[in-house]
Amino acid sequence: MNSFGSKPWILPQPVLIIGTYDKDGKPNAMNAAWGGQWDMHEIIISLSSHQTTDNLAVNPEFTVTFATAKTLVAADYVGLVSGRNTPDKMEKTGWTIEKAPNVNAPVFREFPMTLECRVKQKIDESKTGYYLVAEIVNILCDEQYLGEDGNPDVKSMGLITYDPVHYNYISLGQTVGKAFADGKQLK
């Protein structure tokens, strides 16, 4: 086996788009890869200092959605430019923006599923950022991405993952097994 030292290579990494409003109600979005489920009803995201962290300082509510192959270009763009320096950042994405029903944050309609979240805790907060722990208040899913059972059909969403080794995005979507079932073969 080759040795690479310590790197941020937990795989797969979600491509998270975080939506916030600034103090004047202007929507903003950023791309974040370092996040995941923290607990049954909570998520954690590692955030460096951004317009998003400025916005969360005045309004502790936000949305998180998952980038797809269809939203890749604009999702990458919101990670390349800062809302601090690019006033027309959101207009350039072409996204349809509406207010979330349960939190004071934007929903981007082009994405299949959105988590409505509220800040619960900021860990190791400093000038350079913090770890954000947030409560999932609600989950929204576009009807076209619901399966026959009425639940979100993750396979149909065209979700992508970030490849931190080669700086690529990779499409997800193939079912290869059944969780909490296939391992029973070895019992």
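Residues numbered from 1 in each chain as written. Predicted model: local features only at pLDDT ≥ 70, side-chain atom pairs only at ≥ 80, totals over all residues. Heavy atoms only, no water.

**Observations regarding the pattern of salt bridges**
- Considering all chains together, one arrives at 6 salt bridges under this definition.
- In this structure, the salt-bridge partner of Asp24 is Lys23, at a minimum N-O distance of 3.5 Å.
- A residue is classified by how much of its surface remains accessible, and Asp24, at 64% relative accessible area, is exposed.
- In this structure Lys23 comes out as exposed when scored by relative accessible area, which is 67%.
- Glu135 is the partner of Arg118 in a salt bridge, and the nearest nitrogen-oxygen pair spans 3.9 Å. Here Arg118, found in strand 9 (residues 113-126), pairs with Glu135, found in strand 10 (residues 129-141); they are 17 residues apart in sequence, far enough to count as distant.
- Looking at Arg118, the relative accessible area reads 29%, which means it is partly exposed. (Salt bridge = Lys/Arg side-chain N within 4 Å of Asp/Glu carboxyl O. Buried < 20%, exposed > 50% of the residue type's maximum accessible area, 1.4 Å probe, protein only. Helix = DSSP H or I, 4+ residues; strand = E, 2+ residues; numbered from the N terminus.)

**Observations regarding the sheet that holds strand 3 (residues 27-32)**
- Read across the open sheet, the 7 strands follow the order 3-2-6-9-10-5-4; overall the sheet is antiparallel. Edge positions in the open sheet fall to strand 3 and strand 4 (35-39), since each of these has one partner strand only. In this sheet, neighbouring strand axes are inclined to one another by 35 degrees on average, regardless of whether the strands run parallel or antiparallel.
- Pairing analysis gives 6 bridges linking strand 2 (residues 16-21) to strand 3, with the strands arranged antiparallel. Bridging across to strand 3, Ile17 finds its partner in Asn31.
- Along the sheet, helix 1 (residues 51-58) contacts strand 2, strand 3, strand 5 (42-48), strand 6 (61-66), strand 9 and strand 10; its crossing angle with strand 2, the most-contacted strand, is approximately 45 degrees.
- Set on the sheet, helix 2 (residues 72-80) makes contact with strand 2 and strand 3; between it and strand 3 the angle comes to about 95 degrees. (Pairing = 2+ DSSP bridges. Axes fitted to C-alpha atoms, helices over the stretch in contact; angles between N-to-C directions. Contact = heavy atoms within 4.5 Å.)

Any link to function would need more than the numbers given here.
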